[in-house]
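Architecture and fold: a report
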Amino acid sequence: MEQEITDFFSSLPEGFVAEALALTSPRDASRLSSVNSFFRSAAKWDSVWANFVPSECLPEAIDGSMKEVFLRLCDHPIIIEQGNKSFWLDKRSGKKCYMLAARQLSIALFDSPACWRWTSMEKSRHLCS
């Protein structure tokens, strides 16, 4: 039975399987790459991982394979907008994630000491001014 399944997949063009993997999630593509050597080979295609990297990240991020670019964007957030936001990708879903600095939030009565006050923390990278 296993031989029949292996023969079926090996009869398909590898690019076809790579395109199918690109329609899944990063997590699914990684999991399917452990099924057999044919899926592992198809999951290495740049077209699979290019589908998971947002197009606005491509011009500055291309350095290595697209899978390396994807994993770098997951593990190392990019600081944007003068250090007021950071951006990364969720490793499981590939969704975009943003973290905003507290001072970027629009909060009613933000200048009123009766409501609240800003406190600095030594280990914070966003120091209050």
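Reference entry: report on the structure contained in this document. Small disclaimer: the values here were computed from a predicted structure and weren't measured.

Turning next to helix 7 (residues 66–75). Those residues of helix 7 that sit buried are M66, V69, F70, L73 and C74. Looking down the long axis of helix 7, one finds its buried residues gathered within 135 degrees of arc, a one-sided arrangement.

Our next topic: the pattern of salt bridges. A side chain of one charge can pair with a side chain of the opposite charge when the charged atoms of the two come close. Using the criterion set out here, one finds 3 salt bridges in the structure. The shortest N-O distance in the salt bridge between K96 and E56 comes to 2.6 Å. Placement of the pair is K96 in strand 3 (residues 96–100) and E56 in the loop between helix 5 (46–50) and helix 6 (58–61), with a sequence separation of 40 residues. Here K96 falls in the partly exposed class, since its relative accessible area comes to 43%. Using a relative accessible area of 45% as the deciding quantity, one classes E56 as partly exposed.

In this section: the sheet that holds strand 1 (residues 78–80). Spatially, the 3 strands line up as an open sheet ordered 1-2-3, and their pairing is antiparallel. Of all strands in the sheet, those with a lone pairing partner are strand 1 and strand 3, marking the two edges. Going across the sheet, the axis of each strand differs from the next one's by a mean of 30 degrees, ignoring polarity. With 3 bridges connecting them, strand 1 and strand 2 (residues 85–89) associate as antiparallel partners. In the sheet register, I80 faces strand 2, and the bridge partner there is K85.

A separate point is the pairing of strand 2. Hairpin connection of strand 1 to strand 2: 4 residues between the antiparallel strands, including E81 at a positive phi of 50 degrees. As paired strands, strand 2 and strand 3 are joined by 5 bridges and run antiparallel to one another. Along strand 3, the bridge assignment pairs S86 with M99. Here strand 2 folds back onto strand 3, and the loop between the two strands holds 6 residues, one of which, G94, carries a positive phi near 80 degrees.

Rules and cut-offs
Residues numbered from 1 in each chain as written. Predicted model: local features only at pLDDT ≥ 70, side-chain atom pairs only at ≥ 80, totals over all residues. Heavy atoms only, no water. Buried < 20%, exposed > 50% of the residue type's maximum accessible area, 1.4 Å probe, protein only. Helix = DSSP H or I, 4+ residues; strand = E, 2+ residues; numbered from the N terminus. Arc of directions from axis to C-beta. Salt bridge = Lys/Arg side-chain N within 4 Å of Asp/Glu carboxyl O. Pairing = 2+ DSSP bridges. Axes fitted to C-alpha atoms, helices over the stretch in contact; angles between N-to-C directions.

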